[in-house]
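# Summary of structural features
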Amino acid sequence: MHELAITQAILSIVLEAAEAAGARRVTAVELTVGALTGYVDDSIRFYFERLSEGTLAEGALLRIRREPGEGRCRACGGAFPVEPPLLPACPLCGSPDIWITGGNRCLVERIEVEDGDPHPGGEGHPQRQ
Amino acid sequence: MATHIPVVKAILSANDAVAAENRAAFDAAGLLAVNLMSSPGAGKTSLILATLERLPPSLRAGVIEGDIASTLDAERIAARNIPVVQINTGGACHLDAPMVRSALSHLPLPDLDLLFIENVGNLVCPAEFDLGAHLRIAVASVPEGHDKPYKYPGMFQKADAVVLNKADLMPYIDFDLSAFRHGLSILRPGIPLFLLSCRTGQGVDEWVGWLTAHLRARRGDHGG
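Residues numbered from 1 in each chain as written. Chains lettered and ligands numbered in written order. Predicted model: local features only at pLDDT ≥ 70, side-chain atom pairs only at ≥ 80, totals over all residues. Heavy atoms only, no water.

Going by what an unreviewed UniProt entry lists, chain A is known as Hydrogenase maturation factor HypA and is assigned to Thermoflexus hugenholtzii JAD2. Turning to chain A, the UniProt annotation filed under Sequence similarities (unreviewed entry) states: "Belongs to the HypA/HybF family." Its UniProt record, at the heading Function (unreviewed entry), says of chain A: "Involved in the maturation of [NiFe] hydrogenases. Required for nickel insertion into the metal center of the hydrogenase." (UniProt positions renumbered as here; feature names shortened; annotations may be inferred.)

What follows is the structure, given as structure tokens:
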């Protein structure tokens, strides 16, 4: 449920960019999703497949890059990736003196489009996972 | 031929644009808008009611109530003669900026000093959707446990302050306050934390004092 509104927003950005480029079809969409947003990739894929039906983006492949949060430790100076649930201490030295940045971004990075294919269901059908 | 088109657009940029319009409307009215976010049952409505009770009488508040369905919370507010607008999201698990914008025409904004926006009970989505409020408050409660900042970091990373409600239950529940504080400190060092109980009134004055200080500072900034 949480991903429905997010996926609607993704689709409208994708379609806007595709139409602006005069594309006939979108074959792939590259997303960056921060690990600390709580969004589930499979759920975004599920909604995208359904919401994109009958649009230029129907059948497009979603490439989702998870962007981890980054933790830093004041004690040892180390940096480490962070996924929820957070650990209360530095995984490198065990110090609790850590802080966490990033991991909250959610971006449409780029799209891949094809033009000039009059038969969207034909040979040029985009590969699926 | 495949063509790559760079987009690099924040997924919620359309929402954020409307949020900026809302913020401009709040600024024009000279009010302080506060977005309250929590899981269901943490006490958002109770916090609004407790706050209204302790506000200085010279300050007028309004409320936007977000709910998936029902007007129960709005009725509790309206019983106090406070201007309130109900937004039923029809199943959506959060408020977004366009929903808030459509509610604004039903409120006497220029007459208000404070506007509370009660989000839908949920610890994930509301954090992502900027509504245009000046302050985002995460409301947690003791029975939910101290692990919430660790499990829902996005909510606490984006909050300007945290209210820990039902503090009167602390002696009866295995709630590790230092673990809760530590979780907050690694996500948002220095974030204000208010331990309070809407039931007993403990801590409410400190919270109200913090809010009204923000209102004064905002008006000072804008020469109002």
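Having seen the model, we can carry on.
## Focus on the pattern of salt bridges
Residues and elements named next belong to chain A. Evaluated as defined, the whole model comprises 20 salt bridges over all chains. A salt bridge links Arg110 to Glu30, with the shortest nitrogen-to-oxygen separation between them at 3.1 Å. Taken together, the positions of Arg110 in strand β6 (residues 106-114) and Glu30 in strand β1 (residues 25-34) put the pair 80 residues apart, joining distant regions of the chain. The network of salt bridges with common partners includes Glu30, Arg63, Arg110 and Glu112. (Salt bridge = Lys/Arg side-chain N within 4 Å of Asp/Glu carboxyl O. Helix = DSSP H or I, 4+ residues; strand = E, 2+ residues; numbered from the N terminus.)

## Some points on the interface of chain B and chain A
Listed as interface residues are 33 residues of chain B and, on the opposing side, 37 residues of chain A. Here chain B meets chain A over a buried area of about 2900 Å², counting both sides, of which 63% is carbon and sulfur. Counting the surface chain B buries against chain A, the share from its top three residues, B:Ile5, B:Ile11 and B:Ile186, is 24%. For the interface between chain B and chain A, the tally reads one salt bridge. Measuring nitrogen to oxygen at the nearest pair gives 3.5 Å for the salt bridge that ties B:Lys9 to A:Glu16. Applying the counting rule to chain B against chain A returns 15 residue pairs in polar contact (both at pLDDT 80 or more). Of the residues assigned to the side of chain B that touches chain A, the class counts are 20 nonpolar, nine polar and four charged. (Contact = heavy atoms within 4.5 Å. Buried area = accessible area lost by both parts, 1.4 Å probe. Polar contact = N/O pair within 3.5 Å; in protein donor to acceptor, adjacent residues only side chain to side chain. Nonpolar A, V, L, I, M, F, W, Y, C, P; charged D, E, K, R; others polar.)

## What about the UniProt feature "binding site: Ni(2+)" (unreviewed entry) in chain A?
The positions UniProt marks with the feature "binding site: Ni(2+)" (unreviewed entry) are A:His2. Inspection of the secondary structure assignment puts A:His2 in helix α1 (residues 2-20). The exposure class assigned to A:His2 is partly exposed, which follows from its relative accessible area of 26%. Not counting chain neighbours up to four residues away, the residues in contact with A:His2 comprise A:Tyr39, B:Cys93, B:Asn122, B:Val124 and B:Cys125. (Buried < 20%, exposed > 50% of the residue type's maximum accessible area, 1.4 Å probe, protein only.)

## A few points about the sheet that holds β6(A)
Strand order in the open sheet made by the four strands is β2(A)-β1(A)-β6(A)-β1(B), with mixed pairing throughout. Each edge of the open sheet is held by one strand with a lone partner, namely β2 (61-67) of chain A together with β1 (2-10) of chain B. Geometrically, the sheet is characterised by an average inter-axis angle of 15 degrees between neighbouring strands, direction not taken into account. Strands in contact with α1(A) are β1 and β6 of chain A together with β1 of chain B; relative to β6(A), the strand with the most contacts, it is inclined by about 40 degrees. (Pairing = 2+ DSSP bridges. Axes fitted to C-alpha atoms, helices over the stretch in contact; angles between N-to-C directions.)

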